[in-house]
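Here's the letter readout for the chains.
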Amino acid sequence: MTKLAKPKAGYTRRALLRTGGAALAASALPAPMLWAQDTKDIVLRQFGTGVSNLNDVANKVKEDLGFTLEMTALDSDSVTQRAATQPDSFDIADIEYWICKKVWPTGNLQAMDTSRIANYDKIVGIFRDGKLTPESEIAQGTAPHTVGFVDGPGGTTFADSETGWMTLIPTIYNADTLGIRPDLIGRPIRNWSELLNPEFQGKASILDISSIGIMDMAMVCESMGEITYGDKGNMTREEIDQTMAIFTEAKRNGQFRAFWKTFDESVNLMASGEVVIQSMWSPAITAVKSRGIPCVYQPLEEGYRSWGGGIGLSNSLSGMELDAAYDYINWYLSGWVGGYLMRQGYYSAVPETSKAFMSENEWGYWFEGKEATDVITSPGGDALAQAGDVRDGGSFYDRMGAVACWNAVMDENQYMVRKWNEFIAA
Amino acid sequence: MAPQGVRPGGVLSPGAPPAQTDGKKQKGRAHMSTNRHVLGWLQAAPLAAILLAFLIAPIVMIVIVSFWGATEFSIYPAFQFDNYEFLFGSPVTYRVFLATFKYALITWALTLVIGFTVAYFLAFHVRSLTMQVALFLICTIPFWTSNIIRMISWIPFLGRNGIANQTLISWGVIDEPLEWLLYSDFSVLLAFVHLYTLFMVVPIFNTMMRIDKSLLEAARDAGASGFQTLVHIIIPLTKPGIMIGTIFVVTLVMGDFITVRFMSGSQRANVGRLISNDIGLLQYPSAAATAVVLLCTVLIVIAILLRFVNIRKEL
Amino acid sequence: MDRRPRSFYVLAAFFGLFVLFLYGPILTIGILSFQGPQGGLTFPMNGVSLYWFRDLFEEQAVGDIWGAFRRSFALGLIVMVITVVVSVMAGLAFRKRFAGSAILFYAAITSLVIPSILVSLGVGLIFNQLGLKVHWASSGLGSQLTWTLPFGLLIMFAVFNRFDKSYEEAARDQGATSWQTIRYVVLPIIAPSLIGVALFGFTLSYDEFARTLLTAGSYNTLPLEIFGMTTNVTTPVIYALGTLTTLFSFAIIAVFLLAVWIMGKRRARLGSDAGQGV
């Protein structure tokens, strides 16, 4: 192996990864000197939201794969903006699937060859044919598989089935619902419509990210019985107007304490008691809980609003950098990151590899919806649940099986965005 | 204003030593004037170049882009009035512009009263120069720390369970926490006043320090009360400082987008926020159109204010 | 000295309240930054410790504070040098009343009053359309200069308004060239004010947020990082950062004041060295 010429070294390594599995290969195989020196100099610039752009991941990459991963964490809008308008500023885009729908047509990303992805076959069905289990119905909105594939390396339109060329490699996803402070509400919450219940006037919040916020709004309006949508993920102008009118009125009546843009803001709002019911993301719940403040990720009758994130490669990546990026993707799906993310309440795209990086107790609590047998801690070491606690919403299949819609970009997106801006400014 | 604007300050400035022979000599050197212009431009060239590249060109660009079209992820050259039509066609725009003026006006009034009082105290009631400088520095020091941090530091103070509410409750002044302390117009204005009063204090203090103290003595000798001295001598003489402070405060408040977002919990909006929202949503042409309208508004306000003061002369 | 009038005490009390108003929130932050390890962003204090200061020096979950600090510091120094040099040159130029100076003056005023986000947006758009990369040291630098230069220029106006021209006349009468006059007469006299310009240039840049928002590119400056932290951080570590940056600002001011004081001393000892070189 040491005899191999420089340019080919990356390929050999890749083949190894495919057969051996990334984690194993990365940690167990002594890399040839020549190769290691080359890789050491490689720097890949990744950006994305704070959700998964964690320095811990970059450090682990350096340790396992040898190259440097530079992380920039931004809010969702900035992420879209950078992916769409600054193709030179990144090598790896860590974005959500609905953002992909916006960004792909710009040509800033390149399709990925699934035959180079070691664990491709183990990726959950949601990201491949759209079905969690063979019987599942596909929810409304921009379901990941609808923007997950293109016809070929240079494809510009999305394919409706698995083609072997993926736009994003799925990395992380979850089912979202409302977060509540049970201690301050003091009664069961069962429906999305509670968000606009006058009982919580001045104590509610919704997120100020148009594409996601509109979906939460739609869940609320539908639950109130005010609007019946043809497709929540692709509203008509009238539906958008009606939705915005209901929420604008609520805003004027002082229903909302604040809007939040990044999930940590929602943590502060909830933990300080400014807000008792709001749209929320899973790690925000765990962050509030870790301070000893009761907070529930409330399963609701109408179901969840779901989202998925993945890694896309910049179109300008080639040669050794591209090989390194594939190594990174294979490593990503090989379990360590999956375990890390699952211990925060997200799901990994390849759950079975993550299982090896979680304790039985953790796997039972986070994935299987079982009672915790011991204290559950976050990756940072904070206690999130005690023995006997059960995850809100239950098991992976209970939660992901009850998805009512996916985060989406609609045909009338631009109109919606302008209306959203009006709503925020109203 | 224009012809005075280019006059060298030394000639008219009250604080400067008399520049006796300047005028005559300039005339005598008329033959050197071409040389003077060339040298002047050479020395001003770096400033001119930077302003051209990073001020004029961006403004031109914004004006151009305001006529462009946008898809949801990119912008394309066009010449259309859609952006302006949408802007002027939406009632929200007028409300937001009104809110912007409201913030500017109230902040201006508050900072003026506070700034003037503070400057007045420093300039006329503190007697030793060392003390004046020391107290003045105390006022300016917070200015040197991060605006954002100064802003968010209000949040633990004003929140529903914040210090202010807890203190008031423990004193028995109120039974329920005051909701309007945070995420309201009140908190926005409070932050504005907190951030920008200094921009009023400094220029007013500066002009007050240049008022000839013998004028005040003369007024007192002539039997004027303290109030009369204030109204008839100090305020008129301080007007340039007030105007400069006004220009700072008004433009800072009108162009702000971050204070309103933080302090109102995104519940209120001003024009700056409209622009930054559009930018966040990749609607650059729409943002540019709003920016053009905002810029025109600000420049008109400033042009009006400049009628009352010759900045170059009064510094 | 006559007796203080009653108005003095009223105004002194007002001034005291004003100072309290200015410092109150900073003190709040200062106190909260000493929260115990389990403490949150709000009162009550959950123990007292230096935990969050130590935490600040360790790697955060997201972002890169110290990299941002280094960039901001470097950018501040670059802006400072350019601001001083360009402002002095422009200040000298404006004394010549060259043709078209009014236009340049109004451009500078516009630069001062234009909402920051417009500069950010415009520069970002230009770089984008030209296919250039936005970077804190190129587009970011230029955008910040549109903010610091007008300040520098206004200070230069104030300086030259108070400048006694007879020194120059004297130098010229003794046969100094115009360069010698500037180098050995004008610059030494205005030197202390230049420290003011430098201080302004540095701190305005160091704290600039809006103009760098869309022009900094991949790497955040400190204010952008702090902005990111306000939305990404849920622990008192952000207060610790606030406390530290405040202390750092104090240090900068102290250094500048010391420089002014030393210069004043030297001057007092040597007398004005204006004209010595001629």
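This structure is a prediction, so every number in the text was calculated from the model and none was measured.

1. A short note on the overall build of chain C
Logical step 1: A tally of helices and strands in chain C yields 11 helices and zero strands.
Logical step 2: Going from the N terminus to the C terminus, chain C shows its helices and strands as α-α-α-α-α-α-α-α-α-α-α.
Logical step 3: Viewed in the frame of its principal axes, chain C has a C-alpha envelope of about 75 × 70 × 35 Å.
Logical step 4: Burial status across chain C gives 50% buried among its 278 residues.
Logical step 5: Put simply, of all contacts in chain C between residues at least 6 apart along the chain, 79% involve residues at least 24 apart.

2. Focus: the UniProt feature "transmembrane region" (unreviewed entry) in chain C
Logical step 1: The positions that UniProt labels "transmembrane region" (unreviewed entry) are, in the present scheme, residues 7-34, 73-94, 103-127, 147-163, 184-204 and 237-262 of chain C.
Logical step 2: End C-alpha to end C-alpha, residues 73-94 of chain C measures 31 Å, and it is 100% helix and 0% strand.

3. With respect to the interface of chain B and chain C
Logical step 1: The partner chain C presents 78 residues to the 83 residues of chain B that form the contact.
Logical step 2: For the side of chain B that touches chain C, the element with the highest residue contribution is helix α4 (residues 33-65) of chain B, accounting for 22 residues.
Logical step 3: For the side of chain B that touches chain C, the class distribution of residues is 56 nonpolar, 23 polar and four charged.

4. Description of the UniProt feature "domain: ABC transmembrane type-1" (unreviewed entry) in chain B
Logical step 1: UniProt records the feature "domain: ABC transmembrane type-1" (unreviewed entry) for residues 97-305 of chain B in the present numbering.
Logical step 2: Along residues 97-305 of chain B, the helical share is 77% and the strand share 0%, with 19 Å between the first and last C-alpha atoms.

5. Considering the packing of helix α9 (residues 237-252) of chain A against helix α17 (residues 413-425) of chain A
Residue and element names in this part refer to chain A.
Logical step 1: Running from amino to carboxyl end, α9 crosses α17 at an angle of 10°, the nearest separation of the two axes being 10 Å. The orientation of α9 relative to α17 falls into the category roughly parallel. Of the two elements, α9 crosses α17, and the hand of that crossing is right-handed. Residue-level contacts link Arg-237, Ile-240, Met-244, Phe-247 and Thr-248 of α9 to Tyr-415, Met-416, Lys-419 and Phe-423 of α17.
Logical step 2: When its residues are assigned to classes, the contact of α9 with α17 shows six nonpolar, one polar and two charged.

6. Let's talk about the interface of chain B and chain A
Logical step 1: Contacts between chain B and chain A engage 24 residues on the former and 28 residues on the latter.
Logical step 2: Listed by contribution, the elements that provide at least two residues to the side of chain B that touches chain A are α6 (91-125) and α15 (271-280) of chain B.
Logical step 3: Of the residues forming the side of chain B that touches chain A, the biggest block, five residues, is contributed by α15 of chain B.
Logical step 4: By residue class, the composition of the side of chain B that touches chain A is nine nonpolar, 10 polar and five charged.

7. Looking at the packing of helix α8 (residues 210-224) of chain A against α9 of chain A
All names here are of chain A.
Logical step 1: Where α8 meets α9, the closest approach of the two axes is 10 Å, and the angle between their N-to-C directions is 85°. Judged on the interaxial angle alone, α9 and α8 are roughly perpendicular. Residues Ile-214, Met-217, Ala-218 and Cys-221 of α8 form the contact with α9, whose participating residues are Thr-243, Ile-246 and Phe-247.
Logical step 2: Grouping the amino acids of the contact of α8 with α9 by side-chain chemistry returns six nonpolar, one polar and no charged.

8. So, the nonpolar core
Logical step 1: The biggest cluster of nonpolar side chains holds 295 residues, and the ones touching the most others in it are Ala-291 of chain B together with Leu-121 of chain C.
Logical step 2: Structurally, this core is a two-domain feature, drawing no fewer than three residues from each of domain 1 (6-167 + 306-333) and domain 2 (177-303 + 402-425) of chain A.
Logical step 3: When neighbours within four sequence positions are excluded, Leu-121 of chain C is seen to be in contact with Ile-62, Ile-279, Ala-287, Ala-288 and Ala-291 of chain B together with Leu-214 of chain C.

9. Regarding the confidence of the model for chain B
Residue and element names in this part refer to chain B.
Logical step 1: In the predicted model, chain B carries a mean pLDDT of 83, and the fraction of residues at 70 or more is 88%.
Logical step 2: Averaged pLDDT values for the elements of chain B fall to 33 in helix α2 (residues 9-12) and rise to 94 in α6.
Logical step 3: Between residues 1-29, whose pLDDT stays under 50, and residues either more than four places distant or in other chains, the model counts 42 contacts.

10. Overview of unusual backbone geometry
Logical step 1: For Tyr-183 of chain B, which is not glycine, the phi dihedral falls at a positive 55°.
Logical step 2: Among the structural elements, Tyr-183 of chain B can be located in the loop between α10 (163-170) and α11 (185-209).
Logical step 3: Of note, Arg-97 of chain C is a non-glycine position whose phi angle comes to about 50°, a positive value.
Logical step 4: Turning to its location among the elements, Arg-97 of chain C is positioned in the loop between α3 (65-95) and α4 (101-113).
Logical step 5: The partly exposed category is assigned to Arg-97 of chain C, around which 16 C-beta atoms lie within 10 Å.

What counts, and at which threshold
Residues numbered from 1 in each chain as written. Chains lettered and ligands numbered in written order. Predicted model: local features only at pLDDT ≥ 70, side-chain atom pairs only at ≥ 80, totals over all residues. Helix = DSSP H or I, 4+ residues; strand = E, 2+ residues; numbered from the N terminus. Buried ≥ 20, exposed ≤ 12 C-beta atoms within 10 Å, placed from the backbone. Contact = placed C-beta atoms within 7 Å. UniProt positions renumbered as here; feature names shortened; annotations may be inferred. Nonpolar A, V, L, I, M, F, W, Y, C, P; charged D, E, K, R; others polar. Axes fitted to C-alpha atoms, helices over the stretch in contact; angles between N-to-C directions. Parallel < 35°, antiparallel > 145°, perpendicular 65-115°, else oblique. Left-handed = near helix turned anticlockwise from the far one by under 90°. Core = buried A, V, L, I, M, F, W, Y, C linked by C-beta atoms within 7 Å. Domains from an automatic or database assignment. pLDDT = per-residue confidence, 0-100.

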